[in-house]
Amino acid sequence: MKAVVKPTGRLEGTINALSSKNYTTRYLLIGALADGTSTVYYPAHSEDSDAMRRCIRDLGADVQEDDTKMTIRGFGKHPKHVKELNVGNAGAVLRFLMSTAAFCPEVTFINAYPNSLGKRPHDDLIDSLQQMGVQVEHNEGKLPITIRGGHPRGGKITVSGNVSSQFLSSLLFMTPLLEEDTEITVLHDLKSKVIVGQTLEVIAQAGITIEASDDLMYYKIPGKQKYAPQEYVVQGDYPGSAAILAAAAVTNSDVKVLRLAENSKQGERAVVDVLRAMGVNLTHENDVVHVLGNQTLKAGEFDGDHFTDGVLAMVAAAVFAEGTSRFYNVENLRYKECDRITDFVTELRKAGADVEERQSEIIIRGRPQGVAGGVEINAHYDHRVIMALTIVGLRSEQGLIINDAHHVAKSYPQYFDHLLSLGAQIELVKE
Ligand SMILES: O=C(O)C1=C[C@@H](OP(=O)(O)O)[C@@H](O)[C@H](O)C1
Ligand SMILES: C=C(OP(=O)(O)O)C(=O)O
């Protein structure tokens, strides 16, 4: 599908935030790791949540669903001995399930997206699993990956947090089920540290005990624990909503996004503060973010690691700000669905933005007068590139054509419908 994004002066209306992708993957997983039946209310429906649902079913969970909820009868620490799993393009689903697969004799994760997830590194998690006595066959740390497990061992293990927090989260989900106690020391830095808080939050909701150091670099996990079946309610999604809020910020707008909890543990909650710091007129009360955009933004400097999945949308807003903006500490954006520094900067430049990359930074010299547009954009298989370039297209002189825009469905299948309902001029062309 192509998205033909046309210049749009005004956005107006109210939308319900989509459900959180990162809470949905977590609740489906701990539902599957429980003995008994859990209920997840308002789960996300996207390619990534479908991938988690499909894989836990393949591993033996019984999943039933209706309009508002999913019920999951879990398999505990005894997944079905499945030969192959297809996680689609979902990094978190792959990494979380690599540890679960250690309870199976032999599982191969296939390479369904060679140009996206197929390029992402998993060495650090492979290394930790090998420390636990699990054999892993892999293609230089990448897919396809075969896990030969059965009886993973606890004890003292290390994991690097330099590339992704998902490796640590994966181990935190699995180690409470082991026979032995486990101690995890995180080596190097821990990127996307905030999201580990979401992991610890949902694990605790299922009655599991983990002792974490204040800096989240060291953990003691008693063995022989069981995930209790529970009822979970998925909150609204900040990373996806960040794109709607940024679209409202760069246009004349009166836009409300509902279901965005002020006390959420999602790091991307910070995008509200980022937009505020950029001078956007907004309020955040009673879980509603209300943007009254007047097309005026000012530049700022931000540590993007606090809101990793919201960075691209905030960069798109900064394209139109007065002054030079800098998003720093974002090197691990290079290891996502595409290289979200080099590939993203390439597409922004095509659109007419004045942007520069450093190894771990994106620098934007703002153009409040707008950008030229009038070109075709390569989506690089990346939902967040698609969402961000759409924002840029709305404030371009000649619009933008975004090729392969269907990949937005990885996290936010309703994105274009939501923008259309706010009055965005976008034509979707099936190919
Ligand atoms: O734990 C998770 O669910 C996620 C962690 C983050 O990845 P990194 O830890 O690789 O930055 C984030 O970008 C991703 O969308 C989801
Ligand atoms: C990086 C992302 O997801 P994942 O790592 O789960 O593929 C994302 O949603 O932006």
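Computed from a predicted structure; not experimentally measured. (Residues numbered from 1 in each chain as written. Chains lettered and ligands numbered in written order. Predicted model: local features only at pLDDT ≥ 70, side-chain atom pairs only at ≥ 80, totals over all residues. Heavy atoms only, no water.)

### Observations concerning the overall build of the protein
In step 1: Counting its secondary structure elements, the protein contains twelve helices and 24 strands.
In step 2: At 21 Å, the protein has a C-alpha radius of gyration in line with the 22 Å of a compact globule built from 431 residues.
In step 3: Across the 431 residues that make up the protein, the buried fraction comes to 61%.
In step 4: By sequence separation, contacts in the protein at least 24 residues apart represent 76% of the contacts at least 6 residues apart.
In step 5: For the protein, the exposed surface amounts to about 15600 Å²; the carbon and sulfur share of it is 46%.
In step 6: Side chains of the protein carry 44 positive and 55 negative charges; the gap between the two charge centres is 1 Å. (Helix = DSSP H or I, 4+ residues; strand = E, 2+ residues; numbered from the N terminus. Rg over C-alpha atoms; globule rule 2.2 N^0.38 Å. Buried < 20%, exposed > 50% of the residue type's maximum accessible area, 1.4 Å probe, protein only. Contact = heavy atoms within 4.5 Å. Areas by Shrake-Rupley, 256 points an atom, 1.4 Å probe, with all protein chains shown as cover. Lys, Arg positive; Asp, Glu negative; His and termini not counted. Charge placed at Lys NZ, Arg CZ, Asp CG, Glu CD.)

### What about the site of ligand 1?
In step 1: Taken together, the neighbourhood of ligand 1 is formed by 14 residues, with Ser164, Ser165, Ser192, Asp309 and Lys336 sitting nearest.
In step 2: Between ligand 1 and arginine 26 there is a distance of 2.7 Å, counted from an oxygen atom to a side-chain nitrogen or oxygen.
In step 3: Serine 164 places a side-chain nitrogen or oxygen 2.6 Å from an oxygen atom of ligand 1.
In step 4: Elements with a contribution of two residues or more to the shell around ligand 1: helix H1 (21-32) and helix H3 (91-100).
In step 5: By residue class, the composition of the shell around ligand 1 is three nonpolar, seven polar and four charged. (Near = heavy atom within 4 Å. Polar contact = N/O pair within 3.5 Å; in protein donor to acceptor, adjacent residues only side chain to side chain. Nonpolar A, V, L, I, M, F, W, Y, C, P; charged D, E, K, R; others polar.)

### Regarding empty space enclosed by the protein
A probe as big as a water molecule, rolled over the atoms, marks out the empty space that is left.
In step 1: This model, assessed by the stated rule, comprises four cavities of 30 Å³ or more.
In step 2: Size it by volume and the largest cavity reaches roughly 280 Å³.
In step 3: Along the wall of the largest cavity there are 26 residues; nearest its centre are Lys21, Arg120, Gln166, Asp309 and Lys336.
In step 4: In this model, the second largest cavity occupies a volume close to 50 Å³.
In step 5: In this structure, the second largest cavity is lined by Ser192, Val194, Ile195, Gln198, Gly267, Glu268, Asp305, His306 and Thr308.
In step 6: Looking at side-chain class alone, the lining of the second largest cavity contains two nonpolar, five polar and two charged residues.
In step 7: There are two domains that each give the lining of the second largest cavity at least three residues, and those are domain 1 (2-18 + 235-429) and domain 2 (21-224). (1 Å grid on protein atoms, 1.4 Å probe; cavity = no way out; pocket = protein on both sides within 12 Å on 5 of 7 lines; lining within 4 Å. Points joined across faces, edges and corners; volume = space filled by probe spheres on them. Domains from an automatic or database assignment.)

### Topic: the domain arrangement of the protein
In step 1: The domain architecture assigned to the protein consists of domain 1 (2-18 + 235-429) and domain 2 (21-224).
In step 2: One C-alpha centre belongs to domain 1, the other to domain 2; they are set 29 Å apart.
In step 3: Between domain 1 and domain 2, the residue contacts involve 23 residues of the former and 26 residues of the latter.
In step 4: Interface area for domain 1 against domain 2, summed over the two sides, is near 2000 Å², with a carbon-plus-sulfur share of 48%. (Buried area = accessible area lost by both parts, 1.4 Å probe.)

### Some details on helix H11 (residues 383-394)
Residues that lie three or four places apart on an α-helix share one face, since the helix turns once every 3.6 residues.
In step 1: Between its first and last C-alpha atoms H11 spans 17 Å; for twelve residues at 1.5 Å apiece the expected length is 16 Å, and the two agree.
In step 2: Buried residues of H11: His383, Arg384, Val385, Ile386, Met387, Ala388, Leu389, Thr390, Ile391, Val392, Gly393 and Leu394, and no others.
In step 3: Looking at where H11 begins, the residue whose side-chain oxygen comes 2.8 Å from the main-chain nitrogen of arginine 384 is aspartate 382. (Expected span 1.5 Å × (residues − 1).)

### Some words on the sheet that holds strand S7 (residues 107-109)
Pairing between the strands of a sheet comes from backbone hydrogen bonds, and it takes one of two forms, parallel or antiparallel.
In step 1: The sheet built from four strands is open, its strands ordered S6-S7-S9-S8 with mixed pairing. Two strands lie at the open edges of the sheet, namely strand S6 (84-85) and strand S8 (135-139), each paired on one side alone. (Pairing = 2+ DSSP bridges.)

### Re the UniProt feature "active site" (unreviewed entry) in the protein
In step 1: Taking the UniProt record as the reference, the feature "active site" (unreviewed entry) is found at Asp309.
In step 2: Topologically, aspartate 309 is positioned in the loop between strand S18 (301-303) and helix H9 (311-318).
In step 3: Setting aside residues up to four positions removed in sequence, aspartate 309 forms contacts with Asn22, Pro239, Glu268, Lys336, Arg340 and Arg384. (UniProt positions renumbered as here; feature names shortened; annotations may be inferred.)

### A word on the pattern of salt bridges
In step 1: Evaluation of the coordinates by the stated rule reveals 32 salt bridges.
In step 2: Close ionic contact of lysine 2 with glutamate 431 constitutes a salt bridge, the shortest N to O distance being 3.3 Å. With lysine 2 in strand S1 (residues 2-5) and glutamate 431 in the segment after strand S24 (426-429), this pair connects stretches of sequence that are 429 residues apart.
In step 3: Ionic pairing is found between arginine 73 and aspartate 62, a salt bridge with its closest N-O pair at 3.7 Å. Here arginine 73, found in strand S5 (residues 69-73), pairs with aspartate 62, found in strand S4 (residues 62-65); they are eleven residues apart in sequence, far enough to count as distant.
In step 4: Exposure remark for arginine 73: the relative accessible area of 47% places this residue in the partly exposed category.
In step 5: By relative accessible area, which is 28% here, aspartate 62 ends up partly exposed. (Salt bridge = Lys/Arg side-chain N within 4 Å of Asp/Glu carboxyl O.)

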